[in-house]
Amino acid sequence: MASESIPVIDCSPLFSSAEWDSPMCSAAIAEIHAAFCTWGVFILTGTNAIPPALANKTRDVLTKFFSLPLPRKMALHLKDGGWAWRGYMPWGGEGTKGNIDQKEGFYGGPELASDDEHPLKGMPTFGENQFPDDELPEMRHLVLEYIEKVTQLGLTISDAISLGLGLDQREIKRRLLDPKPIQLFRSFKYYRKPGVDSCGIGEHSDFGFLTILSQNATGLQMLSPSKKWVDVPLIPDSYVVNVGDILDRLTLGVYISPLHRVLPPEPNSDRLSIPFFFDPAWNAEVKPLPLPGRGDKETPSSAARERWNRNSTFKDLQGIWGQYLGVKVQKIFPDLILPEFSAVTRPSGRHLVEIRREEP
Ligand SMILES: O=C(O)CCC(=O)C(=O)O
Ligand SMILES: [Fe+2]
């Protein structure tokens, strides 16, 4: 049997001015749908939504960021970004199932300046970034621009999966992404500490809707439909797009939230990745999509149920997306006062840093 490889899909028709009912667009939509039903992931090529020069410059500036002396990075520590959950995450700050992940990170999102009027100001994940403006003045603009562009890419993919699932083109956007998806920008630099053998990131599935990832080296592996670990190849100007747990649940298990991991870094690895978590809007109601031919209450397949039990941090689907995200952030910021959300989620095992607010 030929070895399995992750589907590579040329999505250029979806980003050109072609009509979406053209044969080229329909073919790309059908391929994305098939990839999400089998692998839960595909490698997207042919997008002009993110100019290649922007992606390259963003990766370059993040490489420079991670090369700054540790005290400069620690001055931007996540804990000082408060509930906006932005800034520097030092090596050892995250783990999977009790093992330290061998990576450091930078967390960001769309900027909400202190004087902006915004209905969600002060809620977890909304707020200001912590950029190294003195050392790398270009980083702010590049990251914010990248976030805008990758969000456009996410919206285009969302329209494509709406059609792939037999819904109206804008149905997913209308139900889940209006007025704006939650946009969580992350970058990780992987490196091995002597004597530590754990993975870059241990085996996990992603929590949210879609993950859109750019990388500069191999190391990421996905679990294939026949349950083998398969390397994600490095293809110029490509993005790895995978389903997250909530999209799996909202499609009643039709789309698969795939297990994946990053191998233990090689001794001289300089692997850098930019995962972007494209998630439902804060106020989006979390309930299954009205898939044609399937009722809301239809039982998922036994494979889906098994996956949900293993992967998912969700118990029941109820309420709004912000509740789920709130619980996740609450685990990291135990002093965060939010309504009691624990009924809807299980605790996340990923974050090892616990941040307590300083007493005023
Ligand atoms: O860095 C990578 O390649 C994978 C990152 C990842 O899986 C995650 O952040 O959830
Ligand atoms: Fe992941």
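Since this is a predicted model, take the numbers as computed values, not measurements.

A. Geometry of the overall build of the chain. For the chain, the helix and strand inventory stands at nine helices and 14 strands. For the C-alpha atoms alone, the extent of the chain along its principal axes is close to 55 × 45 × 40 Å. Every one of the 360 residues in the chain was classed for burial, and the buried ones make up 42%. Across the chain, every contact between residues at least 6 apart in sequence was considered, and the portion connecting residues at least 24 apart equals 75%.

B. Examining unusual backbone geometry more closely. Backbone torsion omega between D178 and P179 reads 0°, so that peptide bond is classified as cis. Along the chain, P179 falls in the loop between α6 (171-177) and β7 (182-190). Located in the positive-phi region is W85, a residue other than glycine, with phi close to 60°. Here W85 is to be found in the loop between α4 (70-74) and β3 (87-89).

C. Spatial organisation of helix α3 (residues 52-67). Compared with an ideal rise of 1.5 Å per residue, which puts 16 residues at 22 Å, α3 spans 23 Å between its outermost C-alpha atoms and is within 8% of the ideal. Within the span of α3, buried status applies to A55, T58, V61, L62 and F65. The arc enclosing the buried residues of α3, seen along the axis, measures out at 135°, which places them on a common side. Turned more than 90 degrees from where α3 packs its buried face, P52, A53 and S67 sit exposed. In this fold, the buried residues of α3 make contact with β6 (103-108), α5 (137-164), β7, β9 (210-215) and β14 (272-279).

D. Expanded view of the sheet that holds β3. The sheet built from eight strands is open, its strands ordered β1-β2-β12-β9-β14-β7-β6-β3 with mixed pairing. At either margin of the open sheet sits one strand with a lone partner, and together these are β1 (8-10) and β3. Each strand of the sheet is rotated relative to its neighbour by a mean of 25°, with strand direction disregarded. Bridging between β6 and β7 involves six bridges; their strand directions are antiparallel. Considered in β7, the bridge of E104 is made with K189. Strand contacts of helix α2 (residues 23-38): β1, β2 (41-45) and β12 (239-243), with the helix running at about 160° to β1, the strand carrying the most contacts.

E. Fine view of the nonpolar core. Counting residues in hydrophobic clusters, the biggest one holds 85 residues, and the most contacted among them are I32, F42, I212 and V241. Ranked by residue count, the leading element in this core is α5, at nine residues.

F. Inspection of the site of ligand 1 at higher detail. R186, F188, I201, D206, L213, Q215, L220, H260, V262, S273 and P275 make up every residue found near ligand 1. Elements represented by at least two residues in the shell around ligand 1 include exactly β7, β9, β13 (260-262) and β14. Residue classes in the shell around ligand 1 are distributed as six nonpolar, three polar and two charged.

G. Quick look at the UniProt feature "domain: Fe2OG dioxygenase" (unreviewed entry) in the chain. The UniProt record marks residues 180-280 with the feature "domain: Fe2OG dioxygenase" (unreviewed entry), using the residue numbering of this structure. A helix fraction of 6% and a strand fraction of 42% characterise residues 180-280, whose end C-alpha atoms lie 8 Å from each other.

Parameters at a glance
- Residues numbered from 1 in each chain as written.
- Chains lettered and ligands numbered in written order.
- Predicted model: local features only at pLDDT ≥ 70, side-chain atom pairs only at ≥ 80, totals over all residues.
- Helix = DSSP H or I, 4+ residues; strand = E, 2+ residues; numbered from the N terminus.
- Buried ≥ 20, exposed ≤ 12 C-beta atoms within 10 Å, placed from the backbone.
- Contact = placed C-beta atoms within 7 Å.
- Expected span 1.5 Å × (residues − 1).
- Arc of directions from axis to C-beta.
- Pairing = 2+ DSSP bridges.
- Axes fitted to C-alpha atoms, helices over the stretch in contact; angles between N-to-C directions.
- Core = buried A, V, L, I, M, F, W, Y, C linked by C-beta atoms within 7 Å.
- Near = placed C-beta within 6 Å.
- Nonpolar A, V, L, I, M, F, W, Y, C, P; charged D, E, K, R; others polar.
- UniProt positions renumbered as here; feature names shortened; annotations may be inferred.

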